[in-house]
Amino acid sequence: MAVSVSVLTIASLDWGSSNRLAAPSKLSPATSLQFPPRTRKFRFGNTGVYFPSQPRVLPLVKAKKQSFSSFDDLLANSDKPVLVDFYATWCGPCQFMGPVLNEVGTLLQDKIQVVKIDTEKYPSIADKFRIEALPTFILFRDGEPYDRFEGALTADQLVQRIEGSLKVKQ
Amino acid sequence: MTLQAQASSSFAVGIPSLTSPLGGSSHRLVVRAKVEPSDKSVEIMRKFSEQYARKSGTYFCVDKGVTSVVIKGLADHKDSLGAPLCPCRHYDDKPAEAGQGFWNCPCVPMRERKECHCMLFLTPDNDFAGKEQAISLEEIKESTANM
């Protein structure tokens, strides 16, 4: 964890207590987290994407470890559509999707980036997107939700869904 | 914040496992340290799951890892909230939901329509349904050993 901890004081957020209870979110859903630009960092290391000074958002296979100052930042900095998996630790189907996402992420690595958000660690992001059932997948394109679906599926089904969805040109 | 992260990483040292419990693949699934539900609650939810599967004519997932994780999730909520709130949902206010009851296992969708999106209780026609209505404590422990 010490590797990419950029000391980022997130003003007015108390992530330490947001373990299980829905922490009162001081994030306005309409705005992204506002951080001083100088604290933004990009690091290349093992795997994973996380928000500085907070627990890792996710482990990604063969992915660069990057730190972003906000989820919006993450979306904005991706040159490809981003498939976001909203999950929880004790959600069975979510854990089932772990290896599936690794496989699909590798298969479609030129087409999409895969990101996982622990809804218990980041309840405000989950709230922002009105996540209810888990797992919920949202495919973001140009920073906006483009497709959305719930539940576990096989790698084949997931690939079909993503490719079919991306084929539809705006 | 960083403390939590450091504590997590020092705790979740990869416990070597020969087989991945979930998905059948050979790589290790590492999940950051999480408070474990009490053995007592796990046992209660395990027994409940077996009984309710029999009673409802539903079956556990072919991948018992899924079953195990959900049972632990139910036990975890039973410990923290006093009721087995569905672990496969995101909530605004968990205690309120647990008090209200719609999503307490067995939830209303399950009771009314045998719909269990946790994949704990699966109707026989479901692609993921196995043939079992039983799961041992040992199975649960093994499947979730690296969590």
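Model, not experiment: these values are computed from the prediction.

Draft legend 1. Expanded view of the overall build of chain A. Helices and strands together make up the secondary structure of chain A, namely 4 helices and 7 strands. Listing every helix and strand of chain A by position from the N terminus yields β-β-β-α-β-α-β-α-β-β-α. Buried positions account for 58% of the 170 residues belonging to chain A. Total accessible area computed for chain A in this model is approximately 7,900 Å², and 51% of it derives from carbon and sulfur atoms.

Draft legend 2. Just the packing of helix α2 (residues 39-56) of chain B against helix α3 (residues 64-81) of chain B, in detail. Residue and element names in this part refer to chain B. In the contact formed by α2 and α3, the axes pass within 8 Å of each other and the chain directions differ by 125°. Taken together, α2 and α3 sit at an angle that is classed as oblique. Both α2 and α3 take part in a crossing whose hand is right-handed. For the pair α2 and α3, contact is made by Ser41, Val42, Ile44, Met45, Arg46 and Ser49 and by Ile71, Lys72, Leu74, Ala75, Lys78 and Asp79, respectively. For the contact of α2 with α3, a count of residues per class yields 6 nonpolar, 2 polar and 4 charged.

Draft legend 3. Region of the structure containing the sheet that holds strand β6 (residues 136-141) of chain A. All names here are of chain A. Taking strand neighbours across the sheet as the criterion, the 4 strands line up as β5-β4-β6-β7 in an open arrangement whose pairing is mixed. Edge strands, defined here as strands with exactly one partner in the open sheet, are β5 (113-118) and β7 (144-150). Neighbour to neighbour, the strand axes of the sheet diverge by 25° on average, direction disregarded. In terms of strand pairing, strand β4 (residues 82-87) meets β5 through 6 bridges, oriented parallel. Pairing of Val82 across the sheet is with Gln113, part of β5. Relative to β5, helix α2 (residues 92-107) is tilted by about 160°, and along the sheet it contacts β4, β5 and β6. This element, helix α4 (residues 155-167), spans β4, β6 and β7 of the sheet and lies at about 150° to β7.

Draft legend 4. Inspection of the confidence of the model for chain A at higher detail. Residues and elements named next belong to chain A. Scored by pLDDT, chain A comes out at a mean of 73, with 58% of its residues at no less than 70. When the criterion is pLDDT under 50, residues 1-48 qualifies, and its contacts beyond four places in sequence or with other chains add up to 92 contacts. Low confidence marks residues 59-63, where pLDDT is under 50. Its contacts with residues over four positions away, or in another chain, come to 15 contacts.

Draft legend 5. Molecular detail of the side chain of Arg89 of chain B. With respect to the helices, strands and loops of the structure, Arg89 of chain B is situated in the loop between α3 and α4 (94-100). Given the relative accessible area of 14%, Arg89 of chain B is considered buried. Within the local environment of Arg89 of chain B, its side chain forms a polar contact with the side chain of Glu132 of chain A, the two groups lying 3.4 Å apart. Those residues in contact with Arg89 of chain B that lie beyond four places of it in its chain are Glu132, Ala133 and Leu134 of chain A together with Trp103 and His117 of chain B.

Draft legend 6. Summary view of the pattern of salt bridges. Applying the stated criterion across every chain, the model contains 14 salt bridges over all chains. Two residues, Asp147 of chain A and Arg161 of chain A, come together in a salt bridge whose shortest N-O distance is 3.0 Å. With Asp147 of chain A in strand β7 and Arg161 of chain A in helix α4, this pair connects stretches of sequence that are 14 residues apart. A salt bridge links Arg46 of chain B to Glu43 of chain B, with the shortest nitrogen-to-oxygen separation between them at 2.8 Å. Taken together, the residues span about one helical turn, with Arg46 of chain B and Glu43 of chain B both in helix α2 at a distance of 3 residues. On the accessibility criterion, Arg46 of chain B (11% relative accessible area) is buried. Salt bridges here are not isolated pairs; linked through shared partners, they connect Glu43, Arg46, Lys47 and Glu50 of chain B.

Draft legend 7. Representation of the confidence of the model for chain B in the model. Within chain B, residue pLDDT values average 85, and 77% of them lie at 70 or more. Confidence drops under a pLDDT of 50 for residues 1-21 of chain B, and excluding neighbours within four residues, the segment shows 32 contacts in the predicted structure.

Draft legend 8. Molecular detail of the packing of aromatic side chains. Residue and element names in this part refer to chain A. Here the structure, examined in full by the defined rule, presents 10 aromatic pairs over all chains. With centroids separated by 5.3 Å and ring planes inclined at 80°, the aromatic side chains of Phe129 and Phe140 adopt a geometry described as edge-to-face. Taken together, the residues span a long stretch of sequence, with Phe129 in the loop between α3 (123-128) and β6 and Phe140 in strand β6 at a distance of 11 residues. Each member of the pair Phe129 and Phe140 is classed as buried. In this structure an aromatic cluster arises from ring pairing among Phe71, Phe86, Phe129 and Phe140. The positively charged end of Lys116 is found above the aromatic ring belonging to Tyr87, 5.9 Å away from the centroid. The ring of Tyr146 is capped by Arg141, whose NZ or CZ atom sits 4.9 Å from the centre of that ring.

Draft legend 9. The pairing of β7 of chain A, seen in detail. All names here are of chain A. Looking at chain direction, β6 and β7 are connected through 6 bridges and run antiparallel. Its bridge partner lying in β7, Ile138 is registered against Arg148. Hairpin connection from β6 to β7: 2 residues lie between these consecutive antiparallel strands, with Asp142 at a positive phi of about 55°.

About the cut-offs
Residues numbered from 1 in each chain as written. Chains lettered and ligands numbered in written order. Predicted model: local features only at pLDDT ≥ 70, side-chain atom pairs only at ≥ 80, totals over all residues. Heavy atoms only, no water. Helix = DSSP H or I, 4+ residues; strand = E, 2+ residues; numbered from the N terminus. Buried < 20%, exposed > 50% of the residue type's maximum accessible area, 1.4 Å probe, protein only. Areas by Shrake-Rupley, 256 points an atom, 1.4 Å probe, with all protein chains shown as cover. Axes fitted to C-alpha atoms, helices over the stretch in contact; angles between N-to-C directions. Parallel < 35°, antiparallel > 145°, perpendicular 65-115°, else oblique. Left-handed = near helix turned anticlockwise from the far one by under 90°. Contact = heavy atoms within 4.5 Å. Nonpolar A, V, L, I, M, F, W, Y, C, P; charged D, E, K, R; others polar. Pairing = 2+ DSSP bridges. pLDDT = per-residue confidence, 0-100. Polar contact = N/O pair within 3.5 Å; in protein donor to acceptor, adjacent residues only side chain to side chain. Salt bridge = Lys/Arg side-chain N within 4 Å of Asp/Glu carboxyl O. Phe/Tyr/Trp six-rings, centres within 6.5 Å; stacked < 30°, edge-to-face > 60°. Lys NZ or Arg CZ within 6 Å of the ring centre and 35° of its normal.

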